[in-house]
Each structure stands twice: as structure tokens, then as C-alpha cells.
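Listed here are the chains, written in short residue letters.
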Protein chains: 2
Amino acid sequence: MATIDLTSDVVTLTAALVDIASESLSEQEIADAVEEALGRLHHLELVRDGHTIVARTSLGRGERVVIAGHLDTVPANANFPSRLEDGVLHGLGSCDMKGGVAVALLLAATVADPVRDVTYVFYEAEEIAAEFNGLGRLARERPELLDGDFAILMEPSDAGVEAGCQGTMRVDVRTTGERAHAARSWAGSNAIHALAPVLARLDSYAPRQVEIDGLTYREGLNAVGIRGGVAGNVVPDEAVVTVNYRFAPDRSEAEAHQHLQEVFEGFGLTITDSAPGALPGLSRPAAAEFVAAVGAEPRPKFGWTDVAQFTQLGIPAVNYGPGDPVYAHKADEQVPVEHLHRVLSTLQKWLTT
Amino acid sequence: MATIDLTSDVVTLTAALVDIASESLSEQEIADAVEEALGRLHHLELVRDGHTIVARTSLGRGERVVIAGHLDTVPANANFPSRLEDGVLHGLGSCDMKGGVAVALLLAATVADPVRDVTYVFYEAEEIAAEFNGLGRLARERPELLDGDFAILMEPSDAGVEAGCQGTMRVDVRTTGERAHAARSWAGSNAIHALAPVLARLDSYAPRQVEIDGLTYREGLNAVGIRGGVAGNVVPDEAVVTVNYRFAPDRSEAEAHQHLQEVFEGFGLTITDSAPGALPGLSRPAAAEFVAAVGAEPRPKFGWTDVAQFTQLGIPAVNYGPGDPVYAHKADEQVPVEHLHRVLSTLQKWLTT
């Protein structure tokens with residue numbers, strides 16, 4: 001069993017977390033290590049639910065903040081294990097988001113007497129379909145565990161504050177045809193060829209940009225999967241392209257769906273996954289106070305993050321974590337050592353003064 | 001052990017052959033039955049090689065004809081065993097090609113003194129990858145067993161003469177891009193979107209039609225598979241479409257490849273499978289005489305068949321067998337009783353006059 005040492009510095013701890021493989025749905029080992037390490041901290045109450053761990057102070061403070069991070073990563077891409085080089089820690093999950101998890105774990109270990117009560121949440125399955133998401137499960141089944149006045153999701157945000165998040169919707173665009181032997185293809189109708197206009201529309205699509213609360217959100221429409229084919233000598237009768245639409249938070253899921261129906265008019269769409277965006281909500285007091293304490297200009301969040309889960313529970317939330325999100329899910333995933341130290345000390349200061 | 005009776009009529013014999021299961025690579029039982037039955041015919045010399053059986057007359061005639069059929073079938077599809085109904089024999093392999101095998105076995109049994117020497121070949125593993133093909137193995141290792149002036153492959157041809165066959169080439173057309181998180185898709189480059197022009201060219205492709213020896217060959221260019229995608233939230237960095245080109249026999253494999261390079265100019269191609277076509281060769285005397293004897297208008301063969309194996313050995317060859325090839329590999333596979341009788345009597349007459 002892997003173990004982690006909460007007396008290590010934040011870089012060593014991040015590297016140790018990266019070196020515990022934890023692709024979505026394979027989080028048992030990392031969750032066990034986190035549970036074991038947090039179990040040694042007697043100022044925290046621990047709850048485990050699946051591979052999701054909640055650790056809380058109960059000091060009776062006037063305010064409670066939730067600090068959350070997911071334990072899973074996308075599949076490895078020749079970037080496992082970690083490697084430290086020139087002040088940058090490289091490796092799968094270093095940016096998204098084991099650096100943030102390391103910061104949260106060290107806050108839990110080092111700030112035994114915070115001025116605000118804290119609920120730490122380390123959860124599973126953020127990188128895959130929403131139904132598996134550990135934070136979502138808590139929000140549905142045990143929302144009292146997520147209670148708070150403000151939430152910080154430690155997703156990579158370039159060590160700045162990112163507010164709101166875009167929604168995401170995945171649809172399958174399906175074409176049908178008629179099978180035939182490839183040697184007599186005129187007897188059939190090729191469903192893969194019928195995808196040509198779908199790919200052409202995707203290729204020429206111009207994504208929208210929207211300004212909300214002074215932040216500019218940039219949308220995206222991408223094929224994330226394509227499949228079709230029966231056998232090497234058969235004209236295929238079905239083909240599917242899976243499209244992911246990332247939409248600005250001024251659009252509801254219903255409006256996003258409507259837009260996709262317009263883009264792919266003439267083709268059959270099936271929604272396979274959907275999550276709403278979150279408006280930045282920077283006008284709420286708890287959010288505004290945190291932003292002032294960090295002292296950085298907020299930016300819009302592009303990726304869908306679980307900020308939206310908190311928004312739906314009525315809890316103001318921001319992203320604030322180490323790492324440039326541009327490296328998330330990339331082969332050269334990385335986090336600057338300086339970010340890890342800076343985010344940790346900023347939050348330590350905010351929780352103690 | 002199954003046995004077959006070469007004193008039965010051609011319909012009974014076809015049904016008996018259908019009732020011996022012989023999916024590719026499981027031909028032992030049917031090959032044993034064929035060997036045992038042919039072994040009783042003292043006018044034939046027998047050679048067995050694996051589950052492939054060669055039986056020859058050696059009468060010193062001026063001309064030798066090869067009559068060949070494969071013993072294997074594709075997997076059953078709720079169409080086993082045989083069933084005779086309203087003048088049609090139904091069942092797995094009835095069309096492709098146990099009807100033809102039954103005709104050849106009855107020729108071997110009933111024409112003891114042909115005017116042309118005959119080499120009968122009953123071979124294994126035609127329905128799977130070329131490396132297993134029993135006829136191909138003989139052609140490589142014991143080509144003397146296939147010597148002849150003319151060959152008749154008893155593949156289903158609707159009881160007509162089909163000449164030549166088209167070549168087939170499969171290529172992978174690959175696009176590459178750069179991975180990125182789908183929420184920040186502008187940081188990456190989408191390999192699936194990059195397939196748009198490939199599908200557009202396939203969709204608008206006008207296949208060539210070529211006339212050779214009075215037969216019109218109709219080509220085809222089809223996507224038979226498409227794949228791409230890393231995860232539901234990742235801009236994919238690779239996508240592949242597998243294309244099958246069926247080309248008329250006036251084109252060599254090299255020319256077919258050259259054509260595909262022109263069609264997909266700007267994209268990387270990898271050949272994954274290739275087999276040459278066979279020119280109809282109807283101008284050769286042996287072929288022309290056979291066609292005249294059968295008295296039917298020859299047609300072009302679209303699917304690739306082992307006719308090409310004989311062509312490569314320099315032996316003119318045609319397909320001539322009972323059954324409409326449209327029923328090959330289908331759940332409702334069938335052969336008309338009338339075809340079985342007609343093809344048998346035509347060949348009996350041709351071998352005796």
C-alpha cells in the first residue's frame with residue numbers, strides 16, 4: 001500500500017501523489033493513502049464515502065469554508081511518474097490537480113486551529129462522466145457534508161482566482177446507411193461518408209465569446225471521439241461522432257442543446273453527458289472577501305469544474321490552485337514549484353489571520 | 001466420422017455437405033469425408049495436404065482443366081443445418097460454396113473418362129486471412145499440383161460465367177493534431193476535425209468504370225472503419241479512417257496505391273492489406289472455348305476470389321458455380337436446386353464431348 005507523508009514539503013508531497021497512479025475509477029490506492037494520512041490528524045473528523053474522503057474541523061467558528069480537490073487523473077500519456085526539473089514538477093496529474101490536492105492536504109496537516117472552520121473534500125472520478133463524480137454523489141446523497149459559506153476548488157488556475165465555469169455537454173451525432181459488401185458498394189450506403197458534413201461543420205465552426213461580470217468566456221465545440229465500421233470488406237451502416245460543447249455560463253443546458261440542434265441540423269443527436277455552467281458570482285460577499293485577500297484579478301474559468309456543484313448548492317465558489325490549466329490533460333503536464341509554495345502560503349495566511 | 005455418398009443426387013449431396021459444420025480452421029471432418037469418398041474412385045490419384053485434397057485423372061489428354069472449391073464457411077448465423085423448401089436448399093454454405101463442391105465431387109465420381117484431364121481441388125480456409133488459404137499454400141509450395149490449361153473456380157456465380165476479379169487494397173488515412181483539454185480547445189489541434197476533407201473526398205468520389213474484354217468493371221472506394229478519440233474531454237491528437245479500394249483488374253496494386261495517394265494528397269497513407277485483381281483473360285483459347293460451351297454471356301466478378309491465384313500462376317480461370325452470390329455470408333443463404341442440376345449437367349457435357 002502506498003503511503004504519503006504530510007510532514008514533507010509541498011513539492012515532495014505533490015510528486016508522491018503523482019507517483020500513485022489514479023486514473024478515474026482506479027482511485028482506491030490514492031484514497032487509502034489520503035485516508036491513512038488524514039487519520040493521524042486528531043483535529044479532524046473523517047468520513048469516507050466510496051473513494052471520497054471528507055475531513056472537517058469543528059471549532060465552532062462563525063464561518064465554514066470548503067476546500068476541495070479530485071484525486072483522479074485522465075489516462076497516462078507517457079508522462080508517468082513525476083520528474084522535477086528546473087523548478088518545474090512534470091507528470092500526469094501534476095497540474096490537474098495533484099498540486100492542489102497536496103496544498104489542501106498540507107493545510108489540513110499544518111493549520112490545526114484555523115480562524116474559519118474548514119471542510120476538506122478529496123474526491124473521485126471528476127475526469128469522466130458526471131454520474132461517477134464523488135463530489136456530485138455527496139451533493140445528492142449527503143449534502144450536509146458540503147455545507148459552508150464559501151468553497152475553494154483547487155483546480156489549476158495559474159495560482160490566480162478563476163470565477164464561474166463553462167457548462168459542458170456531450171452529444172453523439174449519428175449517421176446511418178445500408179450495409180453492403182465493399183466489392184459491390186453501390187448496393188449500400190456508407191454511413192461514414194455521411195459524416196462528411198458533420199466534420200466540415202465542426203472544422204469551420206467559429207466559437208462564441210461572451211463577457212459576464214467583466215470576464216470574457218470563450219466557448220469551444222470539439223469532436224472528442226469518432227467510430228464506425230463493421231469489417232474490412234463491408235460498407236458500414238452506422239457511424240458516430242461524439243462532440244463536446246463547452247458553453248459560457250450565460251447559456252442554460254437547454255439553450256446549449258438548442259444550439260447544437262441548430263449546428264447539426266439534419267442529423268440525429270443524443271445527449272450523453274451534460275453539466276451546467278456557473279455564473280462567476282463575484283458580487284457575493286464571501287467570494288469578494290476571498291478575492292481581496294488573495295489580491296489577484298479574477299479571471300473566467302473555461303473548463304467545467306465542480307464549482308458548478310457548489311453553485312447549485314447555493315454556496316459561492318471559486319477555483320484557486322497551482323498550475324497553468326493549459327497543461328491539464330497534456331503529455332507535458334506540469335506545475336511550477338513556485339505556484340505550489342505561493343498558493344500554500346496564501347491559504348495558510350488566509351486561514352490563520 | 002461423417003461420410004458422404006457420391007451416388008446421391010446433387011441436392012442430397014449438397015445438403016449432406018452443409019450438414020457437416022466446417023467453419024474456417026475447422027475443416028478436418030469435412031476434409032476426411034471428402035478424402036474417404038474420393039478414395040473409393042480408382043480412376044483418380046489423391047494427394048492430401050493439410051485439409052486440402054487434390055484428385056487427378058491422368059489419361060494423357062492434350063488439355064488439363066482444374067476444378068476447385070473451398071470446403072470452409074463463414075461462422076453460422078442461425079442457418080445450420082440445411083433445409084429444402086420449394087426447390088431451394090437453404091443453409092450455411094449452401095451458396096458459398098458447398099453447392100459448387102457437390103457438383104465437383106459428382107463430376108469426379110461420374111466422369112471417369114473425361115475428354116480433358118481434370119484436377120479437382122477441395123481446399124481449406126478461403127473465408128479468412130489469405131495466409132491460411134489452402135489453395136494459396138499449394139500455389140506457393142506445390143504449384144505443380146495446380147498445373148493446367150484452364151481453371152474453373154466453383155464459387156457462386158448465379159450459374160453463369162464470371163471472369164476476372166477486382167483487386168482490393170486497404171489503407172489507413174491518418175491525421176494528427178495536438179491534444180488539449182476540450183475546455184481550452186484553442187490550445188490544441190483536433191485530429192478528427194482534420195479528417196473533414198478526407199470524408200468530403202470519399203463522399204464526392206466518383207468511382208471509375210472500365211471495360212475490359214467486353215466486361216464492365218465498376219470500382220469502389222469506401223471508408224470501412226473510422227476511429228479517433230482519447231477521452232470525452234480531450235481534443236484528440238490522432239484519427240484514422242480505413243479505406244477499402246476495389247479496383248478494376250487493368251490496374252496493378254502499384255497503380256492502385258498511386259491512385260489512392262492522389263485522392264488523399266496531403267494525408268499520410270499506410271497500406272494494411274492488398275491483393276491484385278485478375279484480368280478476365282477471355283481471349284485465351286481455353287477460356288473462350290469454355291464460355292462457348294456453357295453458352296452464357298460472361299459477366300465481370302466484383303469480389304476478390306481465388307481466380308486471382310490461378311491468374312498469378314499463368315492459368316486462365318473463371319468463376320462458374322451454382323447460387324446467387326448475393327446470398328453468400330448471409331443468414332438466409334440458399335441455392336436453387338435448378339442451379340445445382342444445370343451446372344452439373346453443363347460440366348458433365350463439357351467434360352465428355
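An unreviewed UniProt entry lists chain A under the name Succinyl-diaminopimelate desuccinylase, with Aeromicrobium fastidiosum given as the organism. Looking at the Catalytic activity (unreviewed entry) heading of the UniProt record, one finds this comment for chain A: "N-succinyl-(2S,6S)-2,6-diaminopimelate + H2O = (2S,6S)-2,6-diaminopimelate + succinate". For the record of chain A, the UniProt heading Pathway (unreviewed entry) holds the text "Amino-acid biosynthesis; L-lysine biosynthesis via DAP pathway; LL-2,6-diaminopimelate from (S)-tetrahydrodipicolinate (succinylase route): step 3/3."

*Asks:* Residue-level account of the UniProt feature "domain: Peptidase M20 dimerisation" (unreviewed entry) in chain A, with values.
*Replies:* Mapped onto this structure's residue numbering, the UniProt feature "domain: Peptidase M20 dimerisation" (unreviewed entry) falls at residues 167–265 of chain A. Along residues 167–265 of chain A, the helical share is 20% and the strand share 41%, with 21 Å between the first and last C-alpha atoms.

*Asks:* How would you summarise the sheet that holds strand S19 (residues 334–336) of chain B if you had to cite specific residues and measurements?
*Replies:* Residue and element names in this part refer to chain B. The antiparallel open sheet is built from 3 strands, whose spatial order is S4-S5-S19. The open sheet is flanked by strand S4 (83–85) and S19, the only strands paired with a single partner. Strand-to-strand, the axes of this sheet are offset by a mean angle of 20 degrees, without reference to chain direction. The pairing of S4 with strand S5 (residues 88–90) spans 3 bridges and is classified as antiparallel. Looking at the pairing, Glu 85 lines up with Val 88 of S5. The strands that helix H3 (residues 94–110) touches are S5 and S19; relative to S19, the one it contacts most, it runs at about 45 degrees. Packed on one face of the sheet, helix H9 (residues 337–352) meets S4, S5 and S19 and runs near 60 degrees to S19.

*Asks:* Provide a residue-level description of the domain arrangement of chain A, including the pertinent values.
*Replies:* You'll often see interface size given as the accessible area lost when the parts meet. All names here are of chain A. Taken domain by domain, chain A holds domain 1 (10–165 + 278–352) and domain 2 (167–275). Distance from the C-alpha centre of domain 1 to the C-alpha centre of domain 2: 32 Å. With 17 residues of domain 1 at the contact, the number on the domain 2 side is 13 residues. Across the domain 1 to domain 2 interface the summed buried area is about 1,100 Å²; carbon plus sulfur atoms make up 65%. Along the contact surface separating domain 1 from domain 2 lie 0 salt bridges. Along the contact surface separating domain 1 from domain 2 lie 2 residue pairs in polar contact (both at pLDDT 80 or more).

*Asks:* Account for the packing of helix H1 (residues 10–18) of chain B against H9(B), naming residues and giving values.
*Replies:* All names here are of chain B. Orientation of H1 relative to H9, taken along the N-to-C sense of each, is 115 degrees, at an axis distance of 9 Å. When the interaxial angle is binned, H1 and H9 end up roughly perpendicular. The hand of the H1/H9 crossing is right-handed. Facing H1, whose interface residues are Val 10, Val 11 and Thr 14, H9 presents Val 337, Leu 340, His 341 and Leu 344. Classifying every residue of the contact of H1 with H9 by side-chain character gives 5 nonpolar, 2 polar and no charged.

*Asks:* Outline the environment of A:Thr272, supporting the account with residue identities and numerical values.
*Replies:* Residues and elements named next belong to chain A. Checked against the element boundaries, Thr 272 lands in strand S16 (residues 268–275). For the pair Thr 272 and Arg 170, spaced 102 residues apart in sequence, the C-alpha to C-alpha distance is 5.5 Å. Beyond its immediate sequence surroundings of up to four residues, Thr 272 is in contact with Arg 170, Val 171 and Asp 172.

*Asks:* Tell me about the sheet that holds strand S9 (residues 167–176) of chain A, residues and numbers included.
*Replies:* Within a sheet, adjacent strands bond to each other through the backbone by hydrogen bonds, running parallel or antiparallel. Ordered in space as S16(A)-S9(A)-S15(A)-S13(A)-S13(B)-S15(B)-S9(B)-S16(B), the 8 strands form an open sheet in which the pairing is antiparallel. Unpaired on one side and paired on the other, S16 of chain A together with strand S16 (268–275) of chain B mark the two borders of the sheet. Across the sheet, the axes of successive neighbouring strands diverge by a mean angle of 25 degrees, strand direction being ignored. Here strand S13 (residues 220–228) of chain A pairs with strand S15 (residues 238–247) of chain A via 8 bridges, running antiparallel. Residue A:Gly228 lies in a different strand from S15(A), and its bridge partner there is A:Ala239.

*Asks:* So what about the layout of surface pockets? Which residues, and what values?
*Replies:* Here the largest pocket defines a volume of roughly 1,600 Å³. Contributing to the lining of the largest pocket are 47 residues, with A:His181, A:Asn233, B:Glu127, B:Arg246 and B:His329 lying nearest its centre. Residue assignment for the lining of the largest pocket shows that the elements contributing at least two residues are strand S10 (180–181) of chain A together with helix H4 (134–141), strand S9 (167–176), S16 and helix H8 (307–312) of chain B. Residues of the lining of the largest pocket, tallied by class, amount to 21 nonpolar, 12 polar and 14 charged. Approximately 590 Å³ is the volume attributed to the second largest pocket.

*Asks:* Would you mind going over the packing of aromatic side chains in detail, with residue names and values included?
*Replies:* Residues and elements named next belong to chain B. Taken as a whole and judged by the stated rule, the model has 11 aromatic pairs over all chains. Here Phe 290 and Tyr 320 contribute two aromatic rings whose centre-to-centre distance is 5.5 Å and whose plane-to-plane angle is 75 degrees, an arrangement assigned as edge-to-face. In this pair, Phe 290 is assigned in helix H7 (residues 285–294) and Tyr 320 in strand S18 (residues 317–320), connecting sequence segments 30 residues apart. By relative accessible area, which is 0% here, Phe 290 ends up buried. For the ring pair Phe 290 and Trp 350, a centre distance of 4.9 Å and an interplane angle of 80 degrees mean the geometry is edge-to-face. Of this pair, Phe 290 sits in helix H7 while Trp 350 sits in helix H9, and the two are 60 residues apart along the sequence.

Conventions adopted
Residues numbered from 1 in each chain as written. Chains lettered and ligands numbered in written order. Predicted model: local features only at pLDDT ≥ 70, side-chain atom pairs only at ≥ 80, totals over all residues. Heavy atoms only, no water. UniProt positions renumbered as here; feature names shortened; annotations may be inferred. Helix = DSSP H or I, 4+ residues; strand = E, 2+ residues; numbered from the N terminus. Pairing = 2+ DSSP bridges. Axes fitted to C-alpha atoms, helices over the stretch in contact; angles between N-to-C directions. Contact = heavy atoms within 4.5 Å. Domains from an automatic or database assignment. Buried area = accessible area lost by both parts, 1.4 Å probe. Salt bridge = Lys/Arg side-chain N within 4 Å of Asp/Glu carboxyl O. Polar contact = N/O pair within 3.5 Å; in protein donor to acceptor, adjacent residues only side chain to side chain. Parallel < 35°, antiparallel > 145°, perpendicular 65-115°, else oblique. Left-handed = near helix turned anticlockwise from the far one by under 90°. Nonpolar A, V, L, I, M, F, W, Y, C, P; charged D, E, K, R; others polar. 1 Å grid on protein atoms, 1.4 Å probe; cavity = no way out; pocket = protein on both sides within 12 Å on 5 of 7 lines; lining within 4 Å. Points joined across faces, edges and corners; volume = space filled by probe spheres on them. Phe/Tyr/Trp six-rings, centres within 6.5 Å; stacked < 30°, edge-to-face > 60°. Buried < 20%, exposed > 50% of the residue type's maximum accessible area, 1.4 Å probe, protein only.

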